[in-house]
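Residue strings, one per chain:
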Amino acid sequence: FYLASRIYASQNDFENAVPAAARAAEINAGDPEAWYNLGLIAYAAKEYANADSALQRALGIQPQFANALYFRGLAQYHLGDVEAAIATFETLDTIDPSQTIVKTILENLRAGAPPINETPAAE
């Protein structure tokens, strides 16, 4: 299911990728990578509540999972919970204070701006 979810996601087939990733996470409930995979795929599918929930599960198993914190903060922002997003990125900043992108995101959020520019480049 994990591999299938990654293949579906690589083809932008989120209708199949999300359920496959969810099944992989259910089967491997103690594996933070399985929950991260579901969170990442749900985030890419713009299913931000599903992404937040899955990433929270990953962090419950591995609290200092930097990539899960990063995408959870972004999902929280998209859900309209800017304060939670700031708190999540502050946690990430304490884990690895050398990441300038995290500092930039925090500055942007505190200024009322989007955390990052997620607009795809023009082709």
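Right above here is the structure, for reference.
Residues numbered from 1 in each chain as written. Predicted model: local features only at pLDDT ≥ 70, side-chain atom pairs only at ≥ 80, totals over all residues. Heavy atoms only, no water.

A word on the packing of aromatic side chains. Aromatic rings in a pair are described by how distant their centres are and how their planes are angled relative to each other. What the rule picks out here adds up to 5 aromatic pairs. On the numbers, 5.5 Å between centres and 65° between planes, the contact of Tyr 43 with Phe 71 is edge-to-face. Separated by 28 residues along the polypeptide, Tyr 43 in helix H3 (residues 32-44) and Phe 71 in helix H5 (residues 66-78) bring together distant segments of the chain. Ring centres of Tyr 70 and Phe 71 lie 5.2 Å apart, and the angle between their planes is 80°; this geometry places the pair in the edge-to-face category. On the basis of relative accessibility, which here comes to 19%, the residue Phe 71 falls in the buried class. Ring-pair connections join several aromatic residues into one group, and the members of that group are Tyr 43, Tyr 48, Tyr 70, Phe 71 and Phe 89. Above the ring of Phe 1, the side-chain terminus of Arg 23 is found at 5.7 Å from the ring centroid. (Phe/Tyr/Trp six-rings, centres within 6.5 Å; stacked < 30°, edge-to-face > 60°. Helix = DSSP H or I, 4+ residues; strand = E, 2+ residues; numbered from the N terminus. Buried < 20%, exposed > 50% of the residue type's maximum accessible area, 1.4 Å probe, protein only. Lys NZ or Arg CZ within 6 Å of the ring centre and 35° of its normal.)

For Arg 72, the position within the fold is in helix H5. Side-chain polar atoms of Arg 72 contact the side chain of Asp 52, separated by 2.5 Å. When near neighbours in sequence (up to four residues on either side) are disregarded, Arg 72 contacts Asp 52, Leu 55, Gln 56, Leu 59 and Thr 88. (Polar contact = N/O pair within 3.5 Å; in protein donor to acceptor, adjacent residues only side chain to side chain. Contact = heavy atoms within 4.5 Å.)

Here we come to a nonpolar patch on the surface. A surface patch of nonpolar side chains, amounting to about 300 Å² of accessible area, comprises Tyr 2, Leu 3 and Ile 7. Tracing the backbone through its elements, the reader meets Ile 7 in helix H1 (residues 2-10). (Patch = residues over 30% accessible without salt bridge, like charges linked within 9 Å, V, L, I, M, F, W, Y side chains within 5 Å. Areas by Shrake-Rupley, 256 points an atom, 1.4 Å probe, with all protein chains shown as cover. Salt bridge = Lys/Arg side-chain N within 4 Å of Asp/Glu carboxyl O.)

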